Amino acid sequence: MTAKVVLTRPENSSRQVLAACEAAFGKAVMAEFSPILRIIPVGAWPDLTAFQAVLLSSAHGVQGRLDGLRAYCVGNRTAMAAEGAGAKVVMIARDADHLPDDIPERPMVYLRGAHVSTDLATRYGCSEKIVYDQHSIPLTKAALNVLTGEKHVILPLFSSRSARLIAKEVAQLGQRVHIIAMSAAIAEAWGTVYTGPMPDPSVEICAEPIQIEMVGRIVASLQSLSGGKTG
């Protein structure tokens, strides 16, 4: 018996997650792609010559060149994107909560999306520029059918906003859906919106809000449903 994984991140990110799951699982993983958000650049790339440092909480914040800037990043993928855009990465935090209490470098700018869960510009008293938007997209009919059906399904939740958007669309999950949230805050966001009965007593929560942890938990669920066997 094998579950299907419903992946709701933007397609490129979802395909990276799927590839990591398949590498760890040792064989193909059945997946349904249904991005709940579309990343769209906002306006022209800003002139950053007045800044010495840049704060990035997502790889999507890298929509242009960062030559000569010192970058403070959340997550390895964000750091890789910043380095590829010409920045010197001086810090990588596993999540926003693990950024330092103070970043003294100034002037600094926070390059962010239109929707953020943590107001880092206020936290650090720095400038900010919105360089991308996250437009919501309805779940596909195929994804809704999977989530409300009778087969085993794994639903990873990667952000509070996506959790709320998915919860609004699904009136009642099927009884074999297993939810894995990247963090307790994301699980709470889901719980505040979803009004149907839960198939599991609780949402599984990653010990650390990082992709490798999520992939490990997805694979553990797949192995459990397949009797612990991998290819």
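Refer to the structure above for everything that follows.
Bear in mind the structure is a predicted one, so any value in this text is a computation, not a measurement. (Residues numbered from 1 in each chain as written. Predicted model: local features only at pLDDT ≥ 70, side-chain atom pairs only at ≥ 80, totals over all residues. Heavy atoms only, no water.)

A. Summary view of the nonpolar core. Grouped together as the largest cluster of nonpolar side chains are 43 residues, with contacts concentrated most on Leu-147, Leu-155, Trp-190 and Ile-218. For this core, the secondary-structure elements that each account for two or more residues are strand E1 (4-7), helix H1 (11-25), helix H4 (141-148), strand E9 (153-157), helix H5 (160-169), strand E10 (177-181), helix H6 (184-193) and helix H7 (211-225). Of the residues forming this core, the biggest block, five residues, is contributed by H7. The residues touching Leu-147, leaving out its near neighbours within four places in the chain, are Val-6, Leu-139, Val-153, Leu-155, Val-170, Leu-173, Gly-174 and Val-177. If you look at the next biggest cluster of nonpolar residues, it comprises 17 residues, including Leu-48, Ala-82, Val-109 and Leu-111. (Core = buried A, V, L, I, M, F, W, Y, C linked by side-chain atoms within 4.5 Å. Buried < 20%, exposed > 50% of the residue type's maximum accessible area, 1.4 Å probe, protein only. Helix = DSSP H or I, 4+ residues; strand = E, 2+ residues; numbered from the N terminus. Contact = heavy atoms within 4.5 Å.)

B. Spotlight on the packing of aromatic side chains. Summed over the entire model, instances satisfying the criterion amount to one aromatic pair. Taking the centre distance of 5.0 Å and the plane angle of 20° together, the rings of Trp-190 and Tyr-194 count as stacked. Its relative accessible area of 8% is what places Tyr-194 among the buried residues. It is Arg-9 that lies over the ring of Phe-158; its NZ or CZ is 4.5 Å from the centre. The aromatic ring of Phe-33 is capped on one face by Arg-15, whose charged end is 4.4 Å from the ring centroid. (Phe/Tyr/Trp six-rings, centres within 6.5 Å; stacked < 30°, edge-to-face > 60°. Lys NZ or Arg CZ within 6 Å of the ring centre and 35° of its normal.)

C. Local environment of the environment of Arg-65. Along the polypeptide, Arg-65 turns up in the loop between strand E4 (53-56) and strand E5 (70-74). In this structure the C-alpha to C-alpha distance between Arg-65 and Leu-48, which are 17 residues apart in sequence, comes to 9.1 Å. In this structure, Arg-65 is in contact with Trp-45, Leu-48, Gly-84, Ala-85 and Gly-86, ignoring residues within four places of it in sequence. A polar side-chain atom of Arg-65 sits 3.3 Å from the main-chain carbonyl oxygen of Ala-85. (Polar contact = N/O pair within 3.5 Å; in protein donor to acceptor, adjacent residues only side chain to side chain.)

D. Here's a closer look at the sheet that holds strand E7 (residues 108-113). Pairing within the open sheet is mixed, and its six strands lie in the order E3-E8-E7-E4-E5-E6. What marks the edges here is a single partner per strand, and that holds for strand E3 (37-41) and strand E6 (88-93). The sheet shows a mean angle of 20° between the axes of neighbouring strands, taken without regard to direction. Of the pairings in the sheet, the one linking E5 to E6 comprises five bridges and is parallel in character. Looking at E6, one finds that Val-74 is bridged to Ala-93. (Pairing = 2+ DSSP bridges. Axes fitted to C-alpha atoms, helices over the stretch in contact; angles between N-to-C directions.)

E. Representation of the pairing of E9 within the structure. Taken across its five residues, E9 has five buried, putting it largely inside the fold. What you see with E9 is no split at all: Val-153, Leu-155 and Leu-157 on one side and Ile-154 and Pro-156 on the other are buried throughout. Across two bridges, E1 lies against E9 in parallel orientation. The partner of Val-5 across the bridge, within E9, is Ile-154. Where E9 lies against E10, five bridges are found, and the strand directions are parallel. Within the sheet, the bridge partner assigned to Leu-155 lies in E10 and is Ile-179. In this view, the connection linking E9 to its parallel neighbour E10 by way of H5 has right-handed handedness. (Right-handed = clockwise from strand over helix to strand, strands pointing away.)

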